[in-house]
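Residue-level structural notes
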Amino acid sequence: MYICLCYGVTEDEIRQCSAQGATVQDIQDTLKAGKCCGCCMDEVKSVHCHAQKTHCVSPLPQAA
Ligand code: FES
């Protein structure tokens, strides 16, 4: 599923980066997710949070 439509970044790509220890900033720098309109950032952070199994404040986005 695409999370960042501006750069075509998928949920799997974000999960892979997060599982390797990347921060949200790292994900923005390497995948460019959130670097254009920014409207995907809540979902980027949510996927990152769940992939790292940290304390998450929002649920994963649901597929439409
Ligand atoms: S949808 Fe991710 S920056 Fe626009």
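Coordinates for the structure precede this section.
The notes below deal with the structure included here. Nothing here was measured: the structure is a model prediction, and the numbers come from that model.

Some thoughts on the overall build of the protein chain
- Each helix and strand in the protein chain was counted, giving three helices and two strands.
- The buried share of the protein chain, reckoned over its 64 residues, is 27%.
- Contacts in the protein chain between residues at least 24 apart in sequence constitute 43% of all its contacts with a sequence separation of at least 6.

Some details on the nonpolar core
- Judged by nonpolar contacts, Ile3, Cys4, Val9, Ile14, Cys17, Ile27, Leu31, Ala33, Cys40, Val44, Val47 and Ala51 together constitute the single largest core of 12 residues.
- Taken together, the elements giving at least two residues each to this core come down to strand E1 (2–4), helix H1 (11–19), helix H2 (24–31) and helix H3 (41–52).
- Of the residues forming this core, the biggest block, three residues, is contributed by H3.
- The residues contacting cysteine 4, other than those within four sequence positions of it, are Val9, Ala33, Gly34, Cys40 and Val44.

Details of the environment of methionine 41
- Locating methionine 41 in the fold gives a position in helix H3.
- Considering only alpha carbons, one finds methionine 41 and valine 24, 17 residues apart in sequence, at a separation of 9.1 Å.

Re unusual backbone geometry
- Despite not being glycine, lysine 32 shows a phi value in the positive range, around 70°.
- Here lysine 32 lies in the loop between H2 and H3.
- Look at lysine 32 and you get partly exposed, because 14 C-beta atoms sit within 10 Å.

Scoring rules and cut-offs
- Residues numbered from 1 in each chain as written.
- Predicted model: local features only at pLDDT ≥ 70, side-chain atom pairs only at ≥ 80, totals over all residues.
- Helix = DSSP H or I, 4+ residues; strand = E, 2+ residues; numbered from the N terminus.
- Buried ≥ 20, exposed ≤ 12 C-beta atoms within 10 Å, placed from the backbone.
- Contact = placed C-beta atoms within 7 Å.
- Core = buried A, V, L, I, M, F, W, Y, C linked by C-beta atoms within 7 Å.

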